[in-house]
Amino acid sequence: MFTAAKKMLKGFAHAALSEAVDVSELNGVRALHLGSATVQSAMRIREPFELELTYTRAIMCFLLFHSNVRHMLTIGLGGGSVAKYVYAHCPEIKGTVVEINPRIIQVAKNQFFVPDNDEKFEVIEGDGLVYLAEHTEVADVLFIDAFDSNGIPPNFCSQDFFDQCAQTLKDDGVFVINLWGSDKKFDVYLARIEQSFNQRVLILRTGKPGNIAVFGFKQGIADLRLSSLRDRAKLLEKTHKIEFMQFVEKLADNNNSSNNRIFMKSDR
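Residues numbered from 1 in each chain as written. Predicted model: local features only at pLDDT ≥ 70, side-chain atom pairs only at ≥ 80, totals over all residues. Heavy atoms only, no water.

**Things to note about the sheet that holds strand 9 (residues 201-205)**
Reading across the sheet, the seven strands line up as 6-5-4-7-8-10-9 and stay open at both edges, with mixed pairing between neighbours. The open sheet has two edge strands, strand 6 (121-125) and strand 9, and neither has a second partner. Strand-to-strand twist in this sheet, taken as the mean axis angle between neighbours without regard to direction, amounts to 15 degrees. Alignment of strand 5 (residues 94-99) against strand 6, held across five bridges, turns out to be parallel. Paired with Val98 across the bridge in strand 6 is Ile124. Packing of helix 8 (residues 186-196) onto the sheet brings it into contact with strand 8 (169-180), strand 9 and strand 10 (211-217), and relative to strand 8 it is tilted by some 180 degrees. (Pairing = 2+ DSSP bridges. Helix = DSSP H or I, 4+ residues; strand = E, 2+ residues; numbered from the N terminus. Axes fitted to C-alpha atoms, helices over the stretch in contact; angles between N-to-C directions. Contact = heavy atoms within 4.5 Å.)

**Some words on the packing of helix 9 (residues 226-237) against helix 10 (residues 244-254)**
To describe two helices that pack against each other, one gives the angle between their axes and the distance between the axes. Relative orientation of the contacting elements helix 9 and helix 10 amounts to 155 degrees, with a least axis distance of 8 Å. Comparing the axis directions of helix 9 and helix 10 gives the class roughly antiparallel. The way helix 9 lies across helix 10 gives a crossing that is right-handed. For the pair helix 9 and helix 10, the contacting residues are Leu226, Leu229, Arg230, Ala233, Lys234, Leu236 and Glu237 in the first and Phe244, Met245, Val248, Glu249 and Ala252 in the second. (Parallel < 35°, antiparallel > 145°, perpendicular 65-115°, else oblique. Left-handed = near helix turned anticlockwise from the far one by under 90°.)

**Topic: the pattern of salt bridges**
Inspection of every chain in the model, using the stated rule, returns nine salt bridges. Here Asp140 and Lys170 are joined by a salt bridge, their closest N and O atoms 3.8 Å apart. Of this pair, Asp140 sits in strand 7 (residues 139-144) while Lys170 is found in strand 8, placing the two residues 30 residues apart along the sequence. Its relative accessible area of 4% is what places Asp140 among the buried residues. Classification of Lys170 as partly exposed rests on a relative accessible area of 30%. The shortest N-O distance in the salt bridge between Lys265 and Glu194 comes to 3.2 Å. (Salt bridge = Lys/Arg side-chain N within 4 Å of Asp/Glu carboxyl O. Buried < 20%, exposed > 50% of the residue type's maximum accessible area, 1.4 Å probe, protein only.)

**Re the packing of aromatic side chains**
Scanning all chains against the criterion turns up seven aromatic pairs. A connected cluster of aromatic rings, assembled from ring pairs, spans Phe156, Phe161, Phe162, Phe175 and Phe197. The ring of Phe49 carries Lys84 above its face, with NZ or CZ at 5.9 Å from the centroid. Sitting over the face of the ring of Tyr87, Lys120 holds its NZ or CZ atom 5.0 Å from the ring centroid. (Phe/Tyr/Trp six-rings, centres within 6.5 Å; stacked < 30°, edge-to-face > 60°. Lys NZ or Arg CZ within 6 Å of the ring centre and 35° of its normal.)

Here is the structure:
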């Protein structure tokens, strides 16, 4: 690794470790803040293993596209909303989370009910960038949710980073990242993701402007017919309190589609 790149990584690590980690509560919802008033994670205290925020439920749409997920790798813990949900409701999936800030890990475990490590769930204290570089073709799903007080860190939106994410996935793997719809560089990030995943990308908007879930596919999806996705959504809704049917319709609205199916740029 070049010296400049090493210095950049050290600078990011120092900033991440020095950032304030705060918790607030309002109307039965506990929220995590990282150096600002922005809500990074939210949990309804009476339902700690459910998904309070719409964007976290949208992230779970990887289940629409991959029916045999066995390992989910997450970079960035926050309050652990998605990781906890997968732990509680998807017993077939082993979850690995990499988080650089030990304070976040402590708060997530003490105040957000993130479970202790066991045979199906592990939180690793470490640099996610380094972890990705050292692990190739290991994950069925790779979820990136690495925000700080200034938004998404520069090292987590470069072309090299998205290329590395593709390499970390198994051949039929699904990449998922949470981006801000109001970010002026959203189109730049999306173009980089499309390049890394050979135009096999879908977006799912969860608010105005709000969060946008971006899905990248290392290989193509076998079946993007709306009838098939709706059937899958109906099946998933039998065991998940997630509005998968609504998300299928949003996917059709947010991407190129016909009355019959959704298209990616790679389909052109």
